[in-house]
Amino acid sequence: MRLYKLLKNYSKKHITAMHMPGHKRHNFIKNSLPYNLDITEIDGFDNLLSAKTILKNCMTKATNLYNTLQSFYLINGSTCGILTAIKSCCDIGDKIIIAKNCHKSVFNAIELLNLQHVFIDSHFEKDTNIFCDILPSDVKNCLEKNKDAKCVLITSPTYEGVISNIKEIAKVVHKFNIPLIVDEAHGAHLFLENKSAINFGADIVINSLHKTLPSLTQTALLHVCSKRVDLYKIQKNLATFESSSPSYILMASIDECITFMQKYGKKYYDRLQKNLDLFKNKISKLKHLYILGYNSSIPFFDFDKTKIVIFTNNTNISGETLMQKLRENKIELEMCYTNYALAMSTIFDTKKDLMHLCNVLLKIDNSLEHSKNEVYIKNIDSLSVTTIHNALTQEGVFVKFKDSINKVCKEFVYVYPPGIPILVPGQVITKKIYEYIISLEKNNLNVISDFNKLLKEIKVLKNLDK
Ligand SMILES: Cc1ncc(COP(=O)(O)O)c(C=O)c1O
């Protein structure tokens, strides 16, 4: 039985609702929101956090589609899956090994559990300025120096579509008898190409369904893929990080998505691949702009071609200006950085949509001049003098941003999207990081800090210069 159908049938019954939600399934406000389907855990609708009937069946469908040991519904996004995964592998004060390009939710877990984080060396593709794939040899080096680490967490694919060699990384991690968590938030569709980390030895994989598949915002899945993971802990921690009132509308949208992908996923994905091939043929005429894997080669282990990453390095415009020019042509992109902009394609893009994008890009390209754009290197190594948690519990003081060099940061600073921290509490603000943040602002990127005072002021530790 599909959860949506059960909700729809129930919405037609005349039952006096003496329970939550407060709107009582009436749309008194007369808008198009689905109040009639919005219920709570009433008789016949199970309970997500101890699922036994319909929701258990729904999650079994997801488990079967993704071919995992057990897949869990998430209604607070991949964010709550990441918090759950880390808490299920680490205790308070433990050490965790992570990639540098982890999402902010990873650092939030590190803060909450007072973990000590160690970064795996990361590499940048110097022309594109994007994070390369994580090398198994770098994971091995890091593990050899940190044998007390409790787990390894990496992002694959990245926001830009870079896929790491999970098979080899998992082998290395398992030699140290610890689990590998893969933040595959951007890769819920990769199972269709047999490229998901699920198939290559990762122990926990987290997918945002809402990012790339037909499911409502906030919906995601946590997949347990091996016996290295304690299912009891996962269930217990999900109950900590998920809402205790999970939305039935969101859960029904997950079920609809899984049912659709089961029936039509392959067919729609094949259509997308064909349309992307057409796009590739036509876009080869670009003279100045270049697109990873389309009119340029892929310098990574693997790449998700549904991500159309358009580089402006060899032009007289920035990624932000390109995004603006596309907007003027009624095309809205997913994100931009200093030297690139990212168009996301999914199974619901039609040939017409992709051809429109192609034609507008060719038109813009024709109007550009060839020049060398400044690339602001993201790789800004800096030392953390204490854990995130310790930094946040120490006394802080606001200083003018220009006076913050060599001080120890007491807030998170990141660009959103992608939500990868540039500074975390406890980290030294070096001159390079300072200049990098200034350059991001100059490029009109959305730099966010916890206290929202950048670029005027930043909070630093009171008693700790470097
Ligand atoms: C790499 C990565 N992981 C996790 C998340 C969090 O996903 P969600 O928005 O589904 O909570 C994001 C969000 O952008 C992300 O980019």
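Residues numbered from 1 in each chain as written. Predicted model: local features only at pLDDT ≥ 70, side-chain atom pairs only at ≥ 80, totals over all residues. Heavy atoms only, no water.

1. Some details on the domain arrangement of the chain
It is common to give the size of an interface as the accessible area lost on bringing the parts into contact. For the record, the criterion: For the domains described, the bounds stem from an automatic or database domain assignment. Should any heavy atoms of two residues lie within 4.5 Å, those residues are considered in contact. Throughout, buried area stands for the accessible area (probe radius 1.4 Å) lost by two parts on being put together, summed over both. The definition of a polar contact used here is a pair of N or O atoms within 3.5 Å, where within protein one atom must be able to donate a hydrogen and the other to accept one, and adjacent residues in sequence count solely through side-chain atom pairs.
Each assigned domain of the chain is listed here: domain 1 (1–41), domain 2 (42–260), domain 3 (269–366) and domain 4 (388–465). Computed from C-alpha atoms alone, the centre-to-centre distance between domain 3 and domain 4 is 32 Å. In this complex, domain 3 contributes seven residues to the contact, which on the side of domain 4 involves eight residues. With both chains or domains summed, domain 3 and domain 4 bury close to 630 Å², and 65% of this area falls on carbon and sulfur atoms. Taken as a group, Glu-320, Tyr-337 and Thr-338 account for 68% of the area that domain 3 buries against domain 4, more than any other trio of residues on that side. Linking domain 3 with domain 4 are two residue pairs in polar contact (both at pLDDT 80 or more).

2. Thoughts on the pairing of strand β10 (residues 220–224)
Successive side chains on a regular strand alternate, one facing one side of the sheet and the next facing the other. Short version of the rule: Accessible area is worked out with a 1.4 Å probe on protein chains only. A residue is then buried under 20% of its type maximum, exposed over 50%, and partly exposed in between. Each helix is a run of H or I in the DSSP string that is no shorter than four residues. Each strand is a run of E no shorter than two, and both are numbered from the N terminus. For two strands to pair, DSSP has to find at least two bridges joining them.
Within β10, five of the five residues are buried, which leaves it mostly tucked inside the rest of the structure. Residue alternation in β10 divides its side chains into two sets, Ala-220, Leu-222 and Val-224 and Leu-221 and His-223, and both sets are buried. Here five bridges tie strand β1 (residues 70–74) to β10, and the two strands are oriented antiparallel to one another. The residue bridging Gln-70 from the neighbouring strand is Val-224, located in β10. Looking at chain direction, strand β9 (residues 204–208) and β10 are connected through five bridges and run antiparallel. Its bridge partner lying in β10, Ile-206 is registered against Leu-222.

3. Thoughts on the side chain of Ser-404
Along the polypeptide, Ser-404 turns up in the loop between β16 (396–400) and β17 (407–409). Those residues within four positions of Ser-404 in sequence are excluded, and the remaining contacts are Val-399, Ile-429, Tyr-434, Ile-458 and Val-460.

4. What about the site of the ligand?
Heads up, the condition is: A molecule or strand has a residue near it when one of that residue's heavy atoms lies within 4 Å. Areas reported as accessible are Shrake-Rupley estimates using a 1.4 Å probe. Residue values count occlusion only from the protein chains shown. The definitions used throughout rest on a 1 Å grid laid over the protein atoms alone, on which a cavity is an enclosed set of points accommodating a 1.4 Å probe that cannot get out and a pocket is an open set flanked by protein within 12 Å on both sides along at least five of seven lines; lining residues are those having an atom within 4 Å of a point. Think of it this way: a molecule belongs to a cavity or pocket when more than half its atoms come within 2 Å of the grid points there.
Close contacts around the ligand come from Gly-77, Ser-78, Thr-79, Ile-82, His-103, Thr-155, Asp-183, Ala-185, His-186, Ser-208, His-210 and Lys-211, and that covers them all. Between the ligand and Thr-79, the relevant distance is 2.6 Å, taken from an oxygen atom to a side-chain nitrogen or oxygen of the residue. Here an oxygen atom of the ligand sits 2.7 Å away from a polar atom, N or O, in the side chain of His-186. Coverage of the ligand by the protein amounts to 89% of the 390 Å² it exposes when considered alone. Under a 2 Å grid-point criterion requiring more than half of the atoms, the pocket assigned to the ligand is the second largest pocket. Of all elements in the fold, only α3 (77–89) and α7 (209–212) reach the threshold of two or more residues within the shell around the ligand. Ranked by the residues each element gives to the shell around the ligand, the list is headed by α3, at four residues.

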